[in-house]
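Listed below, chain by chain, are the residues.
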Amino acid sequence: MSQIKQLIILKRQGKGVKTIARILDISKNTVKTYLFKLDKLLTGKRAEKMTI
């Protein structure tokens, strides 16, 4: 399973950044970056749907 999918699953389970980083063996900054980009992507899609 890709790291992004695992990250999403762990975040939905309520895990924190530090815990996710430890489980996926990546840095906390990487987790924060992924979450930021996912949020930005999803926010953009929601805004796009609202304008249609």
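Only a predicted model underlies this, so the values are computations on that prediction, with no experimental measurement involved.

1. Quick word on the overall build of the protein
Stage number 1. Counting its regular elements, the protein contains three helices and zero strands.
Stage number 2. Residues counted as buried form 17% of the 52 residues belonging to the protein.
Stage number 3. Carbon and sulfur atoms provide 56% of the accessible area of the protein, an area that totals close to 4300 Å².

2. Brief notes about helix α2 (residues 17–24)
Quick reminder: α-helices carry 3.6 residues per turn. Residues three or four places apart thus point the same way.
Stage number 1. Turning to α2, its buried residues are I20, A21 and L24. Taken down its axis, α2 places every buried residue within 100 degrees of arc, on the same side. Opposite its buried face, α2 presents the exposed residues K18 and R22, each directed more than 90 degrees away.
Stage number 2. Of the residues one or two after α2, D25 is the one with positive phi, at around 60 degrees.

3. Examining a positive patch on the surface
Stage number 1. There is a patch of like positive charges on the surface, built from K18, R22, K28 and K32.
Stage number 2. Mapped by element, the contributors of at least two residues to the positive patch are α2 and α3 (28–51).
Stage number 3. Of note, K28 is situated in helix α3.
Stage number 4. Here K28 falls in the partly exposed class, since its relative accessible area comes to 45%.

4. Brief notes about unusual backbone geometry
Stage number 1. The phi dihedral of D25 falls on the positive side, at around 60 degrees, and the residue is not glycine.
Stage number 2. Topologically, D25 is positioned in the loop between α2 and α3.
Stage number 3. Under the relative-accessibility criterion, D25 is labelled exposed at 69%.

5. Observations regarding the nonpolar core
Stage number 1. The biggest cluster of nonpolar side chains holds nine residues, and these are L7, L10, I20, A21, L24, I26, V31, L35 and L38.
Stage number 2. With near-sequence residues (within four places) excluded, L7 lies in contact with I20, L24, V31, Y34, L35 and L38.

6. Overview of the confidence of the model for the protein
Stage number 1. Mean pLDDT over the protein works out to 88, with 85% of the residues at or above the 70 mark.
Stage number 2. Looking across the protein, the model is least confident in α3, with a mean pLDDT of 82, and most confident in α2, with 97.

Thresholds applied
- Residues numbered from 1 in each chain as written.
- Predicted model: local features only at pLDDT ≥ 70, side-chain atom pairs only at ≥ 80, totals over all residues.
- Heavy atoms only, no water.
- Helix = DSSP H or I, 4+ residues; strand = E, 2+ residues; numbered from the N terminus.
- Buried < 20%, exposed > 50% of the residue type's maximum accessible area, 1.4 Å probe, protein only.
- Areas by Shrake-Rupley, 256 points an atom, 1.4 Å probe, with all protein chains shown as cover.
- Arc of directions from axis to C-beta.
- Patch = residues over 30% accessible without salt bridge, like charges linked within 9 Å, V, L, I, M, F, W, Y side chains within 5 Å.
- Salt bridge = Lys/Arg side-chain N within 4 Å of Asp/Glu carboxyl O.
- Lys, Arg positive; Asp, Glu negative; His and termini not counted.
- Charge placed at Lys NZ, Arg CZ, Asp CG, Glu CD.
- Core = buried A, V, L, I, M, F, W, Y, C linked by side-chain atoms within 4.5 Å.
- Contact = heavy atoms within 4.5 Å.
- pLDDT = per-residue confidence, 0-100.

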